[in-house]
Amino acid sequence: MSDFKALLFDVGGSVFNWKDAVAPLIRQKAEKYSAAVDVEAFAMKWRVGMFVVLARLHRNEIPHCNMDDMLAIALDDLLAETPALTLDEVDKADLLQGWHQMDVWQEFPEALERLKSKFTVGILSVLSLAILVDSNKYAGVAWDAVISCEFLSKYKQQPESYLEGAALLGLKPSQICFVAVHPSDLLAAKGTGMHTAFVTPKKDSEPEFMGAPAHNLDDFDFNADDYTDLCDKLGC
């Protein structure tokens, strides 16, 4: 059924439940300072802002940096637009730590072990290596490979990132299936020759940040309701 040897996963939003890690910390700070802040909106604006900073990096408007740096820049930008909430450096560090303590979706640990029984399974992410290592330990999951774009020449969704990720595994793009909940990420991977697997997002918290066109199910090789369903579809 499959003619690929490895799976590479997007994890921010696809596997890690970033919102439930970050939103409670924002709520704590808002309550601490009696600030009238829409916590859910603030969290989403922060995540969107992260990709705005990443787009600036793509345009060479800022020096190469990792996602911890980009999140810090995005947080400062957001706080400048949110006069109701004033945070000191300790407060901001507390919020940034939330990205290092993300859990995974409930069915994922078992699904990961099933997938690893058949494929090499790794991460290809814009998140920093520190975020990936810390959150994987926090969630108690272990991958065959962890690739952060901070060590590649380009970040996703530039084609170089997928090609270099494949090369690090000693594989051709055609020998890899890229897995994500973001259609634009999948379409970019598909453009380099990778197979693709779309997994339905868990929550209405994953807007398409990169402005990709609407997709249909025929765009991807596999379409799964969740990670258990993906295992079934891949024969694991």
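Residue positions are given per chain, counting from 1 as you read along its sequence in written order. pLDDT decides what is reported in this predicted model: residues at 70 or higher carry local features, side-chain atom pairs at 80 or more are listed and counted, and totals for whole chains, interfaces and linings draw on all residues regardless. Side-chain numbers here rest on the full set of heavy atoms in the structure, without hydrogens or water.

Participant: So what's going on with the packing of aromatic side chains? Residues and values would help.
Facilitator: For Phe, Tyr and Trp, where Trp contributes only its six-membered ring, two rings pair if their centres lie within 6.5 Å, and the inter-plane angle classes them as stacked under 30 degrees, edge-to-face over 60, or tilted in between. Applying the stated criterion to the full structure yields 11 aromatic pairs. Between phenylalanine 198 and phenylalanine 220, the aromatic rings sit 5.9 Å apart at their centres with planes inclined by 20°, giving stacked as the arrangement. Of the two residues, phenylalanine 198 is situated in strand 5 (residues 195-199) and phenylalanine 220 in the loop between strand 5 and strand 6 (222-224); the sequence distance between them amounts to 22 residues. The exposure class of phenylalanine 198 is buried, given its relative accessible area of 9%. Chaining the aromatic ring pairs together yields one cluster made of Phe9, Phe108, Trp143 and Tyr227. Strands are runs of DSSP state E lasting at least two residues, helices are runs of H or I lasting at least four, and both sets are numbered from the N terminus onward. Exposed residues in this analysis have more than 50% of their type's maximum accessible area, buried residues have under 20%, and partly exposed residues fall in between, with area computed by a 1.4 Å probe over protein chains only.

Participant: Provide a residue-level description of the side chain of serine 184, including the pertinent values.
Facilitator: When you line up the elements, serine 184 lands in helix 8 (residues 183-191). Serine 184 gets classed as buried once you look at its relative accessible area, which sits at 6%. Polar contacts, as used here, are pairs of N or O atoms within 3.5 Å; protein pairs need one atom able to donate a hydrogen and one able to accept it. Residues neighboring in sequence count only if both atoms are side-chain atoms. Only 3.0 Å separates the side chain of serine 184 from the side chain of glutamine 157, close enough to count as a polar contact.

Participant: Please provide a residue-by-residue account of unusual backbone geometry, values included.
Facilitator: Look at the link from lysine 156 to glutamine 157: it is a cis peptide, with omega at 15°. With respect to the element layout, glutamine 157 can be found in the loop between strand 3 (145-148) and helix 7 (159-168). Non-glycine residue serine 34 carries a positive phi angle of around 50°. Within the fold, serine 34 resides in the loop between helix 1 (18-32) and helix 2 (39-58).

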